[in-house]
Amino acid sequence: MASQGRLWQTALALPEQLLAFSLFTLAGAVTPGPNNTISTLSGATFGFRRTLPQMLGVSVGYPLMLAALGLGLGEVFKHVPWLHGAMRYVGAAFLIYLAWKLVSASATEERGTAQPVGFTEAFFFQWLNPKAWSIALGALAAFTTPGLPAADFFREVAIFTAISAIITFPALVLWCLFGVAISAMLKDEKKRRIFNYALAVILVLSIAFLFI
C-alpha cells in the first residue's frame, strides 16, 4: 500500500508533465498509422467483436514496449545496431503479411473461414511498428525526468505505461467503428472490396516509414 501511495504522489506532483504526456500519447493514438489502419480494415471486414483481440493486443503490447524501452531495453540497440536494422525488414514483411491477410478475407466466399488479426499478432507487431517506436522513444525522451533515483524513475515509467494503456484502446475503438460504419454503407460487394484494397495499399505504403 505504501508503494502505491508513493506512486500516486509522484503522479500528482507533476500534473503538467502528465497532461503533456497524455496529449502527446492521444495525438499519436488517434492519428493514422498501421495499428489504426488494421483496426479499420478489420472492423470493415469482420465487425467490431471479432476485431477486439487485435485492439487488445495493441493496447497491451504498446504500453509494455514503452515500459521495456523506458527501463533500459533501448540500450540494447545502441550496442547491437544491426538488430534494429534487421527488425525493419521483419516489420516490412509482417506488414505485407497483415495486409494480405485482411484483404484476402474481404472476399465473400472466404469470410466463413478467414480469421482476423489476433491478439498475439497485434501484440508482437508493436515491436516492429515504426510509428509505435517513434512515439514511445519520443515520449520517453521528452517527458521522463533526468536524474531521478532508479526507484522514482521506475514509478514514472509505470505511470506513463498506465496512461498509454488507457488511451490506446479507445482510439483503436474509434477507428474500428469507422470501419464498421463504412462497411455498413458499402452494401455493394465490389465497392466494399475497393475500400478494403485501398486501406491495404495504405498499410503497405507505411513500410516506407521503416526506412526513413
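Each residue is numbered by its place in its chain's sequence as written, counting from 1. Totals for whole chains, interfaces and linings use all residues, but because this is a predicted model, local features are given only for residues with pLDDT of at least 70 and pairs of side-chain atoms are given and counted only at 80 or more. As a rule here, side-chain values cover all heavy atoms of the structure and leave hydrogens and water aside.

Asker: How would you explain the overall build of the protein if you had to name every residue and give the values?
Answerer: For the purposes of this entry, the term helix denotes a DSSP run of H or I that reaches at least four residues, the term strand denotes a run of E that reaches at least two, and both are numbered from the N terminus. Of regular secondary structure, the protein possesses nine helices and zero strands. Helices and strands in the protein line up, N terminus first, as α-α-α-α-α-α-α-α-α. Residues classed as buried in the protein amount to 45% of the 212 residues present. Whether two residues touch is decided by their heavy atoms; if any such pair falls within 4.5 Å, the residues are in contact. Excluding contacts between residues fewer than 6 apart, the proportion of contacts in the protein whose partners are at least 24 apart in sequence is 84%. Here the open area of atoms and residues is found with the Shrake-Rupley method and a 1.4 Å probe, where only the protein chains shown may cover a residue. Accessible area for the protein stands at about 10800 Å²; split by element, carbon and sulfur atoms hold 75% of it. A 1.4 Å probe rolled over the protein chains alone gives each residue an accessible area, and that area as a share of the maximum for its type sets the label: buried under 20%, exposed over 50%, partly exposed in between.

Asker: Lay out helix 9 (residues 189-205) in plain terms, naming residues and giving numbers.
Answerer: Every α-helical turn comprises 3.6 residues, leaving residues that sit three or four positions apart pointing alike. By this rule, a helix spans an expected 1.5 Å times one less than how many residues it contains. With 17 residues, helix 9 should reach 24 Å at 1.5 Å per residue; the first-to-last C-alpha distance of 24 Å fits that figure. Arg192, Phe195, Asn196, Leu199, Ala200 and Leu203 are the residues of helix 9 that are buried. Buried residues of helix 9, seen end-on, are gathered within an arc of 135° and therefore sit on one face of the element. The exposed residues of helix 9 that point more than 90 degrees off its buried face are Lys190, Lys191, Ile194 and Leu205. Note that the arc is computed from the directions linking the helix axis to the C-beta atoms.

Asker: Quick rundown of the environment of Arg193? Include the residues and the values.
Answerer: Topologically, Arg193 is positioned in helix 9. For the pair formed by Arg193 and Val103, sequence separation is 90 residues and the distance between their alpha carbons is 7.9 Å.

Asker: With reference to specific residues and values, describe the packing of aromatic side chains.
Answerer: Two rings from Phe, Tyr or Trp (for Trp, the six-membered ring) form a pair when their centres are within 6.5 Å of each other. A pair whose planes differ by under 30 degrees is stacked, one over 60 is edge-to-face, and the rest are tilted. Per the counting criterion, the structure on display carries six aromatic pairs. Ring geometry for Phe24 versus Phe143: centroids 5.5 Å apart, planes at 65°, classification edge-to-face. Of this pair, Phe24 sits in helix 2 (residues 15-30) while Phe143 sits in helix 7 (residues 130-143), and the two are 119 residues apart along the sequence. According to the relative accessible area criterion, Phe24 is partly exposed, its value standing at 31%.

Asker: Tell me what's going on with the packing of helix 3 (residues 34-46) against helix 8 (residues 150-185), and back it up with residues and numbers.
Answerer: The geometry of helix 3 relative to helix 8 is characterised by a closest axis approach of 7 Å and an angle of 35° between their N-to-C directions. Helix 8 is crossed by helix 3, and the crossing has right-handed handedness. Between helix 3 and helix 8, the residues in contact are Asn35, Asn36, Ser39, Thr40, Gly43 and Ala44 and Leu172, Trp175, Cys176, Phe178, Gly179, Val180 and Ser183, respectively. Ten residue types, Ala, Val, Leu, Ile, Met, Phe, Trp, Tyr, Cys and Pro, are classed as nonpolar, four, Asp, Glu, Lys and Arg, as charged, and the remainder, Gly among them, as polar. Looking at the contact of helix 3 with helix 8 residue by residue, the class counts come to six nonpolar, seven polar and no charged. The axes are straight lines fitted to the C-alpha atoms, using for helices just the contacting stretch, and the angles between their N-to-C directions are given from 0 to 180°. Left-handed describes a crossing whose near helix is turned anticlockwise from the far helix through less than a right angle; right-handed describes the clockwise counterpart.

Asker: Outline the packing of helix 3 against helix 9, listing residues and values.
Answerer: Running from N to C, helix 3 and helix 9 point in directions that differ by 165°, and their axes come no closer than 10 Å. In this view, helix 3 runs roughly antiparallel relative to helix 9, as classed from their interaxial angle. Seen along the crossing, helix 3 lies across helix 9 with a hand that is left-handed. Residues Pro34, Thr37, Ile38, Thr40, Leu41, Ala44 and Thr45 of helix 3 lie in contact with helix 9, whose contacting residues are Arg192, Phe195, Asn196, Leu199, Ala200, Ile202 and Leu203. Partitioned by chemical class, the residues of the contact of helix 3 with helix 9 number nine nonpolar, four polar and one charged. Here the word oblique covers every angle except those under 35 degrees (roughly parallel), over 145 (roughly antiparallel) and from 65 to 115 (roughly perpendicular).

Note that every value here comes from positions in space, so none of it alone points to a role or purpose.
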